[in-house]
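A look at the structure
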Amino acid sequence: MESARQVKANEIPLESIKCDGQSYLVPSSDGQRKYRVTAISCTCKDHERTGNSCKHMLAVERLCPPAKFQGDPFEGF
Ligand SMILES: [Zn+2]
């Protein structure tokens, strides 16, 4: 069963996510902003507030399976 957050992550088109070599830029749902996302962090309010994986981090994980983040603590996935 998918969480609401996972469902929202699935709504983010993968082709809209940009990689700059060190992190990913994921557009906000309204398209007005971009969040900087790594395997363990995101600059959005949701992640700042809860410290949990937000929909942006989940979207990046979908784009880039955890194997690519080797060495980073992608625990809980
Ligand atoms: Zn986020």
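Report on the accompanying structure. (Residues numbered from 1 in each chain as written. Predicted model: local features only at pLDDT ≥ 70, side-chain atom pairs only at ≥ 80, totals over all residues.)

Considering the pairing of strand 3 (residues 34-37)
Along strand 3, the buried face is formed by Y35 and V37; none of K34 and R36, which line the opposite face, is buried. Direction of pairing for strand 2 (residues 24-27) relative to strand 3: antiparallel, over a ladder of 4 bridges. Looking across to strand 3, one finds that Y24 is bridged to V37. (Buried ≥ 20, exposed ≤ 12 C-beta atoms within 10 Å, placed from the backbone. Helix = DSSP H or I, 4+ residues; strand = E, 2+ residues; numbered from the N terminus. Pairing = 2+ DSSP bridges.)

Points about the environment of R62
Structurally, the position occupied by R62 is in helix 3 (residues 55-63). The spatial distance from the C-alpha of R62 to the C-alpha of L14 is 8.1 Å, given a sequence separation of 48 residues. Ignoring any residue separated from it by four or fewer positions in sequence, one finds R62 in contact with A9 and L14. (Contact = placed C-beta atoms within 7 Å.)

Observations regarding helix 3
Taken together, the buried positions of helix 3 are occupied by K55, H56, M57, L58, A59 and V60. Looking at the packing, one finds that the buried side of helix 3 touches helix 1 (4-11), strand 2, strand 3 and helix 2 (45-50).

In short, the description is geometric, and any link to function would need to be established separately.
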